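Residue-level structure breakdown
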Amino acid sequence: MKDFVGGVLKSKVDFGVIPGSDKPSLLKPGAEKLASFFGLRPVFPIVETIKDWTGVDHGGEPFFNFHYKCQLYRNGELVGEGIGSCNSWESKYRYRSSNRVCPTCGKETIIKGKEEFGGGWLCYAKKGGCGAKFKDSDKSIIDQVTGKTKNVDIFDQVNTLDKMAQKRALIAAVLIATNASDYFTQDIEDFIDVEYHEVEPIPVAQPELAPEVPLDDVAEMPLELAESEKTSKGQLYGTLSTSTLSFMYKAISGKPQTDELQRKLTAIQTILKHRGG
Ligand SMILES: [Zn+2]
């Protein structure tokens with residue numbers, strides 16, 4: 001696990017670190033890599049779904065709630081599960097914050113002009129505005145509704161809510177099934193998610209394909225010897241899946257090489273070559 005976290009998982013993609021928190025938060029791509037590494041197959045039974053499109057049962061306001069269980073199976077055996085839910089009344093989906101819009105250029109770049117510069121309103125060029133100025137009393141500015149407003153486009157987000165619930169369930173289950181909670185937390189995952197979406201969207205990650213392991217000109221060792229090599233948790237290499245071995249190869253080969261690590265690399269290459277990789 002330590003090798004995998006240090007060698008394969010990437011900061012800001014697979015996990016996010018918030019200054020001041022003691023543990024990084026596991027993100028979806030990291031959870032998927034861990035699941036793949038440990039040979040875990042997720043299934044998502046629905047616990048509850050509410051889709052009240054007209055708000056008839058919720059005081060006139062549409063309401064959506066998705067609640068999933070994530071079960072992780074290894075070779076048909078259930079090895080861990082977690083739950084996750086997401087609903088449209090969470091404040092980040094229910095509300096939007098809107099700023100004053102410039103009547104001239106249409107951008108949300110209006111600021112209050114400083115008194116020493118004559119007050120009024122200014123379309124602030126440093127925020128990308130056009131520099132237009134407006135009087136303190138200008139109705140086209142002061143009549144605008146600003147601040148927290150109800151998100152009237154919640155219907156665009158139904159699929160996002162559904163995916164978010166599954167994501168939360170997956171991360172919870174992976175943390176449990178892989179003992180990764182020693183390294184990661186889930187608590188602030190959404191916070192990070194929001195932060196990063198504003199800067200660089202996280203691509204919807206497909207489970208990562210196992211890395212290529214070079215198999216040409218391998219100094220092979222006897223297969224029995226290779227398969228009897230053990231991980232730090234005592235698992236025999238011969239019992240590990242091809243993709244797990246490939247991820248391990250990638251993790252190990254990124255480290256300063258010692259005789260022991262070189263032997264492990266050769267063992268993986270030997271096994272994969274024998275499996276016809
Ligand atoms: Zn403007």
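Values in this document were obtained by computation on a predicted structure and should not be read as measured data.

1. A few points about the overall build of the protein chain
A tally of helices and strands in the protein chain yields nine helices and eleven strands. For the protein chain, buried positions account for 41% of its 277 residues. Counting contacts in the protein chain only where the partners sit at least 6 residues apart, residues at least 24 apart contribute 60% of the total. Within the structure as shown, the protein chain displays about 15700 Å² of accessible surface, and the carbon and sulfur contribution to it stands at 53%.

2. Section: unusual backbone geometry
Positive phi outside glycine occurs at Lys12, with the angle close to 75°. With respect to the helices, strands and loops of the structure, Lys12 is situated in the loop between helix H1 (2-7) and strand E1 (15-16). For Asn179, which is not glycine, the phi dihedral falls at a positive 60°. By the element assignment, Asn179 lies in the loop between helix H5 (158-177) and helix H6 (189-199).

3. Details of the pattern of salt bridges
Overall, the coordinates contain eleven salt bridges when judged by the stated rule. With a shortest N-O distance of 2.9 Å, Lys33 and Asp14 are connected by a salt bridge. With Lys33 in helix H2 (residues 28-37) and Asp14 in the loop between H1 and E1, this residue pair connects regions lying 19 residues apart in the sequence. One exposure class covers both Lys33 and Asp14, and it is buried. With its nearest N and O atoms 3.4 Å apart, the salt bridge here joins Glu32 to Lys28. Remark: Lys28 and Glu32 occur in helix H2; sequence separation between them is four residues, near one turn of the helix.

4. With respect to the environment of Ser253
Inspection of the secondary structure assignment puts Ser253 in helix H8 (residues 242-253). Residue classification places Ser253 among the partly exposed positions, given a relative accessible area of 37%. Between the C-alpha atom of Ser253 and that of Lys264, which follows or precedes it by eleven residues, the distance is 9.6 Å. A distance of 3.2 Å separates a polar atom in the side chain of Ser253 from the backbone oxygen of Lys250.

5. Topic: the pairing of strand E6 (residues 77-87)
As paired elements, strand E5 (residues 63-74) and E6 share ten bridges and run antiparallel to each other. Across the sheet, the residue bridging to Cys70 is Gly82, located in E6. Taking the residues between adjacent antiparallel strands as the criterion, E5 and E6 are bridged by two residues, where Asn75 takes a positive phi near 50°.

6. Thoughts on the packing of H8 against helix H9 (residues 259-274)
One way to put it is that H8 packs onto H9 with a least axis distance of 10 Å and a crossing angle of 150°. The angle between H8 and H9 falls in the class roughly antiparallel. In this structure, H8 crosses over H9, and the sense of that crossing is left-handed. Between H8, through Thr242, Leu245, Ser246, Met248, Tyr249, Ile252 and Ser253, and H9, the contact on the second element is made entirely by Leu261, Lys264, Leu265, Ile268, Gln269, Ile271 and Leu272.

Calculation rules
- Residues numbered from 1 in each chain as written.
- Predicted model: local features only at pLDDT ≥ 70, side-chain atom pairs only at ≥ 80, totals over all residues.
- Heavy atoms only, no water.
- Helix = DSSP H or I, 4+ residues; strand = E, 2+ residues; numbered from the N terminus.
- Buried < 20%, exposed > 50% of the residue type's maximum accessible area, 1.4 Å probe, protein only.
- Contact = heavy atoms within 4.5 Å.
- Areas by Shrake-Rupley, 256 points an atom, 1.4 Å probe, with all protein chains shown as cover.
- Salt bridge = Lys/Arg side-chain N within 4 Å of Asp/Glu carboxyl O.
- Polar contact = N/O pair within 3.5 Å; in protein donor to acceptor, adjacent residues only side chain to side chain.
- Pairing = 2+ DSSP bridges.
- Axes fitted to C-alpha atoms, helices over the stretch in contact; angles between N-to-C directions.
- Parallel < 35°, antiparallel > 145°, perpendicular 65-115°, else oblique.
- Left-handed = near helix turned anticlockwise from the far one by under 90°.

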